[in-house]
Amino acid sequence: MVANYSTFLQRAYDQLIHDVALQNLPVLLAIDRRRPGGCDGATHAGSYDLTYLALLAECLGAGTIDENECRQMLYTGFMQTM
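Heads up: these notes are all about the structure in this document. (Residues numbered from 1 in each chain as written. Predicted model: local features only at pLDDT ≥ 70, side-chain atom pairs only at ≥ 80, totals over all residues. Heavy atoms only, no water.)

**What about the overall build of the protein?**
Along the backbone of the protein there are 4 helices and 2 strands. The proportion of buried residues among the 82 residues of the protein is 20%. The long-range fraction of contacts in the protein, counting pairs at least 24 apart against all pairs at least 6 apart in sequence, stands at 64%. When the accessible surface of the protein is totalled, it reaches about 6,100 Å², and 57% of it is carbon and sulfur. (Helix = DSSP H or I, 4+ residues; strand = E, 2+ residues; numbered from the N terminus. Buried < 20%, exposed > 50% of the residue type's maximum accessible area, 1.4 Å probe, protein only. Contact = heavy atoms within 4.5 Å. Areas by Shrake-Rupley, 256 points an atom, 1.4 Å probe, with all protein chains shown as cover.)

Below, the structure is given as structure tokens:
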């Protein structure tokens, strides 16, 4: 499992392709600040995350509304990477 801010994942996209996707590794990404809103401003909005992650084979994206959904999604994602 890797936890990362959306803005830093955008900067590491090339590494994500080469070090995870091309090797078909079972990695669970927990992306914080993935959607617009909050006090971080436009540079941390994650507006394009679903678009560029959808280009990767075997990549599934989802967003949560609250802590309970986040917990359920992390559990589901973790169980699928096992």
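**A few points about the packing of aromatic side chains**
Given two aromatic rings, one states the distance between the centres and the angle between the planes to describe the pair. For the coordinates displayed, the defined rule picks out 1 aromatic pair. Pairing Tyr13 with Tyr52 gives two aromatic rings, centres 4.8 Å apart and planes at 75°, and the pair type is edge-to-face. Of this pair, Tyr13 sits in helix H2 (residues 13-21) while Tyr52 sits in helix H3 (residues 49-53), and the two are 39 residues apart along the sequence. (Phe/Tyr/Trp six-rings, centres within 6.5 Å; stacked < 30°, edge-to-face > 60°.)

**Some words on a nonpolar patch on the surface**
A surface patch of nonpolar side chains, about 500 Å² in accessible area, is lined by Tyr75, Phe78, Met79 and Met82. The topology assignment puts Met82 in the segment after helix H4 (67-81). (Patch = residues over 30% accessible without salt bridge, like charges linked within 9 Å, V, L, I, M, F, W, Y side chains within 5 Å. Salt bridge = Lys/Arg side-chain N within 4 Å of Asp/Glu carboxyl O.)

**A look at the pattern of salt bridges**
Opposite charge on two side chains lets them pair, provided their charged atoms get close. Under the definition given, this model contains 1 salt bridge. Close ionic contact of Glu67 with Arg71 constitutes a salt bridge, the shortest N to O distance being 3.1 Å. One end of the pair is Glu67 and the other is Arg71, both in helix H4 and 4 residues apart, which spans about a single turn. Residue Glu67 is classed as exposed on the basis of its relative accessible area, which comes to 59%. Residue classification places Arg71 among the partly exposed residues on the basis of a relative accessible area of 48%.

**Brief notes about the environment of Leu50**
In this fold, Leu50 is placed in helix H3. A relative accessible area of 44% places Leu50 in the partly exposed class. When the C-alpha atoms of Leu50 and Gly63 are compared, they prove to be 9.5 Å apart, with 13 residues separating the residues in sequence.

**What to know about the nonpolar core**
Note on soluble globular proteins: their nonpolar side chains tend to be buried together. Counting 5 residues, the largest nonpolar core consists of Leu9, Leu16, Tyr52, Leu53 and Leu56. Beyond its immediate stretch of four places on either side in the chain, Leu56 contacts Tyr13, Leu16, Ile17 and Ala21. (Core = buried A, V, L, I, M, F, W, Y, C linked by side-chain atoms within 4.5 Å.)

**Notes on the environment of Gln10**
Tracing the sequence through the fold places Gln10 in helix H1 (residues 6-11). A C-alpha to C-alpha distance of 9.6 Å links Gln10 and Leu53, two positions 43 residues apart in sequence. Those residues in contact with Gln10 that lie beyond four places of it in its chain are Gly46, Asp49 and Tyr52.

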